[in-house]
Amino acid sequence: MEVVQPKDLGQYSALAKKRVGELCRQKRIFNARNRIIGGDTEAWDVQVRDQKIKEATEKARNETFAAEMRQNDKITCVLEGRERRDRKNLCKAINDFQQSYQKPETRREFDLSDPLSLKKDLLAWQSDKNVQKTVSGMQRFMGEDLNFHERKKFQEEQNREWFLQQQREWKDARADQKRAEDFYMKTRLQFDETAKHLQNLERATRKAVCAAVKEFNKSQVTESAERRSLEKKQEQEDNLAEIANLLRGDLLSENPQQAASSFGPHRVVPDRWKGMARAQLEQIRLVQKQQVQEKLRLQEEERQRDMDWDRRRLQGARATLLCERQQQREQRDLRRALDCSNLSLAKEQLLQKKHMKEACTNHVTEDYFTQFNTKSR
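Residues numbered from 1 in each chain as written. Predicted model: local features only at pLDDT ≥ 70, side-chain atom pairs only at ≥ 80, totals over all residues. Heavy atoms only, no water.

Caption draft 1: Structural view of the overall build of the protein. Counting its regular elements, the protein contains six helices and two strands. Counting only residues that meet the buried cut, the protein has 7% of its 377 residues in that class. Looking at the protein alone, contacts between residues at least 24 apart form 34% of all its contacts between residues at least 6 apart. Counting every atom, the protein has about 34,600 Å² of accessible surface; 56% of that belongs to carbon and sulfur. (Helix = DSSP H or I, 4+ residues; strand = E, 2+ residues; numbered from the N terminus. Buried < 20%, exposed > 50% of the residue type's maximum accessible area, 1.4 Å probe, protein only. Contact = heavy atoms within 4.5 Å. Areas by Shrake-Rupley, 256 points an atom, 1.4 Å probe, with all protein chains shown as cover.)

And the structure:
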């Protein structure tokens with residue numbers, strides 16, 4: 001099951017409107033009474049008005065979109081500037097913090113890479129900062145230096161200062177965050193006001209367009225009603241005039257003279273012809289009777305001719321049948337004579353074969369006896 005979308009409804013309404021416009025235009029164009037040679041001026045005027053309304057709507061819509069785009073560009077520029085400013089402040093704060101609290105001298109391993117370590121060295125055994133008293137020498141331990149109390153007091157003071165500084169930084173960060181949030185809320189409110197103003201403009205533009213379309217539709221309906229009333233009135237007048245002309249004309253009066261043609265008395269006008277006269281009808285009936293008699297005569301002659309042909313065909317078939325029977329009798333006699341001659345020839349051949357066989361047998365016997373006598377001798 002397909003779901004109908006709003007755009008489908010819009011397309012369907014546009015197609016229906018276009019179809020109705022085409023049907024109205026066809027009625028205007030194919031109406032011979034109101035048609036203007038060369039084009040449909042009313043349809044052109046309607047198309048021009050539709051095009052102007054469409055252009056005005058499109059222009060208002062484009063101006064609204066342009067105002068929204070300009071406002072969005074301004075908002076984007078403000079946000080990008082604030083982001084660049086925040087990034088710059090953050091980098092500056094990081095650099096200041098590193099310069100203030102992350103100096104190379106504050107590192108534990110700075111003494112390994114201090115370029116002025118030799119100049120800072122003291123003489124042997126004069127203070128707790130003697131480099132010769134290393135941890136591996138087991139000569140200096142944590143809390144046993146000479147300046148333990150001063151160092152502890154300094155560390156406490158330093159910790160207090162650090163804590164106070166952290167509080168001040170935290171308060172400054174909270175204030176900056178609050179100012180940023182206030183600025184963000186103010187910007188959001190300004191954006192909301194701008195969006196609301198744009199929405200009001202769009203709503204007012206849409207209302208104006210709807211009002212213009214409504215007025216245009218009202219004027220179209222009024223014009224259509226007036227045009228239909230004028231058309232109906234003109235049609236009634238034309239119908240009355242046509243009825244009067246028909247009543248007074250030759251069409252309903254059945255006047256045969258109106259069918260006379262200007263090309264000769266033997267010709268008539270087909271769309272005005274009212275029928276033939278009585279003499280013409282009797283002449284036609286007489287000709288038809290003559291044609292019927294002539295047709296009957298021709299049919300009788302054709303029937304006699306067919307009977308003659310049938311008789312000749314039967315005689316020819318009978319003669320052919322007699323000839324075939326005579327040929328069959330002659331062929332049967334010839335076959336009997338041929339059979340008798342073949343039988344006599346067969347008997348002669350059998351006798352000849354029998355004589356030849358007896359002669360061969362006698363000859364073989366004589367040869368045998370001759371050879372036997374020769375061997376006996």
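Caption draft 2: Region of the structure containing the packing of helix 2 (residues 41-101) against helix 4 (residues 148-248). Between helix 2 and helix 4, the shortest axis-to-axis distance is 11 Å and the interhelical angle comes to 175°. Accordingly, the angle class assigned to the pair helix 2 and helix 4 is roughly antiparallel. Residues that form the contact of helix 2 with helix 4 fall into these classes: 13 nonpolar, seven polar and nine charged. (Axes fitted to C-alpha atoms, helices over the stretch in contact; angles between N-to-C directions. Parallel < 35°, antiparallel > 145°, perpendicular 65-115°, else oblique. Nonpolar A, V, L, I, M, F, W, Y, C, P; charged D, E, K, R; others polar.)

Caption draft 3: Local environment of the packing of aromatic side chains. For the structure shown, the criterion picks out one aromatic pair. Where F97 meets Y101, the ring centres are 5.2 Å apart and the plane angle is 45°; that geometry is what we call tilted. Here F97 and its partner Y101 are both found in helix 2, four residues apart, which amounts to about one turn of the helix. Given a relative accessible area of 39%, F97 falls into the partly exposed group. The ring of W309 has R312 lying over it, and the distance from NZ or CZ to the ring centre is 5.9 Å. (Phe/Tyr/Trp six-rings, centres within 6.5 Å; stacked < 30°, edge-to-face > 60°. Lys NZ or Arg CZ within 6 Å of the ring centre and 35° of its normal.)

Caption draft 4: Region of the structure containing helix 4. The first and last C-alpha atoms of helix 4 sit 145 Å apart over 101 residues, in line with the 150 Å expected at 1.5 Å per residue. All of the buried residues along helix 4 are Q165, T187, F191, T194, L198, F216, Q220 and S224. Against helix 2 lie the buried residues of helix 4. (Expected span 1.5 Å × (residues − 1).)

Caption draft 5: Molecular detail of a negative patch on the surface. Judged by side-chain charge, E42, D45, E223, E226, E231 and E235 come together as a negatively charged surface patch. Put simply, the parts of the chain that give the negative patch at least two residues each are helix 2 and helix 4. If you trace the backbone, E231 turns up in helix 4. The class of E231 is partly exposed, set by a relative accessible area of 35%. (Patch = residues over 30% accessible without salt bridge, like charges linked within 9 Å, V, L, I, M, F, W, Y side chains within 5 Å. Salt bridge = Lys/Arg side-chain N within 4 Å of Asp/Glu carboxyl O. Lys, Arg positive; Asp, Glu negative; His and termini not counted. Charge placed at Lys NZ, Arg CZ, Asp CG, Glu CD.)

Caption draft 6: The arrangement of a nonpolar patch on the surface in detail. A cluster of nonpolar residues, F97, Y101 and W162, forms a patch on the protein surface that exposes about 300 Å² of accessible area. Along the polypeptide, W162 turns up in helix 4.

Caption draft 7: Spotlight on helix 2. The terminal C-alpha atoms of helix 2, which comprises 61 residues, lie 88 Å apart, in line with the 90 Å expected from a rise of 1.5 Å per residue. Buried within helix 2 are the following residues: A43, A60, T64, Q71, I75, G81 and R82.

Caption draft 8: Broad picture of the pattern of salt bridges. One pass over the full model with this rule turns up 12 salt bridges. In this structure, the salt-bridge partner of E157 is R160, at a minimum N-O distance of 2.3 Å. Of the two residues, E157 and R160 both sit in helix 4, three residues apart, roughly one turn of that helix. Ionic pairing is found between R303 and E300, a salt bridge with its closest N-O pair at 2.4 Å. Pair noted here: R303 and E300 are both in helix 6 (residues 278-376), with a separation of three residues, about one helical turn. Residue class for R303 comes out partly exposed when judged on its relative accessible area of 41%.

Caption draft 9: Focus on a positive patch on the surface. A cluster of basic residues, R325, R329, R332, R335 and R336, forms a positive patch at the surface. Counting through the fold element by element, R336 comes out in helix 6.

Caption draft 10: Inspection of the side chain of Q71 at higher detail. Following the sequence through the fold, Q71 ends up in helix 2. Q71 has contacts with F191 and T194, leaving out every residue within four places of it along the chain.

Caption draft 11: Broad picture of the confidence of the model for the protein. Residues with a pLDDT of 70 or more make up 80% of the protein, whose mean pLDDT is 80. The secondary structure element of the protein with the lowest average pLDDT is helix 5 (residues 250-253), at 64, and the one with the highest is helix 2, at 88. (pLDDT = per-residue confidence, 0-100.)

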